[in-house]
Amino acid sequence: MDIGAAITTVTASIGIAKEISALVKAANKVEALEKLVDLREQLVDAKQAMLDLREENHGLKAALERREALTFDGKVYWMGDGEGREGPFCQRCRDGDGRLVRLQAGNKAGRVTGGGIIQTPIWRCLHCKSRVATT
Ligand SMILES: [Zn+2]
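Note that the coordinates shown come from a computational prediction; the quantities given were computed from them, not determined experimentally.

### Let's talk about the pairing of strand β5 (residues 116-124)
Across 3 bridges, the pairing between β5 and strand β6 (residues 131-133) is antiparallel. If you follow Trp 123 over to β6, its bridge partner there is Val 132.

### Things to note about the pairing of strand β3 (residues 86-89)
Two strands pair when backbone bridges link them, and strand β2 (residues 77-79) and β3 are joined in this way by 2 bridges, in the antiparallel orientation. Looking at the pairing, Tyr 77 lines up with Phe 89 of β3. With antiparallel pairing between neighbouring strands as the criterion, β2 and β3 make up a hairpin whose turn holds 6 residues, including Gly 80 at a positive phi of roughly 90°.

### What to know about the nonpolar core
Judged by nonpolar contacts, Tyr 77, Phe 89, Cys 90, Cys 93, Leu 103, Trp 123 and Cys 125 together constitute the single largest core of 7 residues. Not counting residues up to four positions away in its chain, the partners in contact with Leu 103 are Val 76, Pro 88, Phe 89, Cys 90, Trp 123, Arg 124, Cys 125 and Val 132.

### Topic: helix α1 (residues 3-27)
Working note: α-helix, 3.6 residues per turn, so residues spaced by three or four point in the same direction. Along its 25 residues, α1 runs 36 Å from first to last C-alpha, staying within 8% of the 36 Å computed at 1.5 Å per residue. Backbone geometry just after α1 places Asn 28 at a positive phi near 60°.

### Regarding the confidence of the model for the protein chain
Predicted confidence across the protein chain gives a mean pLDDT of 85, with 96% of residues reaching 70 or more. For the protein chain, strand β4 (residues 104-113) is the element with the lowest average pLDDT, namely 74, and helix α3 (residues 91-97) is the one with the highest, namely 94.

### Quick look at the environment of Asp 97
In this structure, Asp 97 sits in helix α3. Note: C-alpha distance between Asp 97 and Lys 129 (32 residues apart in sequence) is 15 Å.

### Brief notes about the domain arrangement of the protein chain
Each assigned domain of the protein chain is listed with its residue range as follows: domain 1 (3-68) and domain 2 (70-133). Look at where the C-alpha atoms of domain 1 and domain 2 centre, and you get two points 48 Å apart.

### Quick look at the sheet that holds β2
Reading across the sheet, the 3 strands line up as β1-β2-β3 and stay open at both edges, with antiparallel pairing between neighbours. With partners counted over all chains shown, the strands left at the sheet margins are β1 (70-72) and β3, one partner each. Direction aside, the axes of adjacent strands within the sheet are offset by 25° on average. Taken together, the 3 bridges between β1 and β2 define a ladder with antiparallel strand orientation. Bridge pairing in β2 links Phe 72 to Tyr 77.

### Observations concerning unusual backbone geometry
Here the bond from Gly 87 into Pro 88 is cis, since omega is 5°, no more than 30 degrees from zero. Here Pro 88 is to be found in strand β3. The backbone of Lys 129 sits at a positive phi, close to 70°, despite the residue not being glycine. Tracing the chain through its elements places Lys 129 in the loop between β5 and β6.

Rules and cut-offs
Residues numbered from 1 in each chain as written. Predicted model: local features only at pLDDT ≥ 70, side-chain atom pairs only at ≥ 80, totals over all residues. Pairing = 2+ DSSP bridges. Helix = DSSP H or I, 4+ residues; strand = E, 2+ residues; numbered from the N terminus. Core = buried A, V, L, I, M, F, W, Y, C linked by C-beta atoms within 7 Å. Buried ≥ 20, exposed ≤ 12 C-beta atoms within 10 Å, placed from the backbone. Contact = placed C-beta atoms within 7 Å. Expected span 1.5 Å × (residues − 1). pLDDT = per-residue confidence, 0-100. Domains from an automatic or database assignment. Axes fitted to C-alpha atoms, helices over the stretch in contact; angles between N-to-C directions.

Here it is as structure tokens:
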């Protein structure tokens, strides 16, 4: 049974409990009526829990789809392909705690080589403060 079917079943059960409550009330059985009211409240709580789980499940599926759409170029993550791709996204944040943090173009950073200092454009992460050379 998927969660949608479970919610439908619980909703139907709430309706049945309500109908039984009306029948018991007509027969003036107070204790049985109280138990049915308790049952109905429990079913309402169960339905809300299922609705919450369904919403969480949708969020997790969307996150999984986003994760699968990412590619790693050896330095940063990108979403999608070609000119329509989005990003780059921070590797440290993505791999560390699953956050998808867009990198910002930063100033150039100097790198000492045998031929002198080479200025390389960098990406900056505003969340974890890491800096990534673009080349
Ligand atoms: Zn980061």
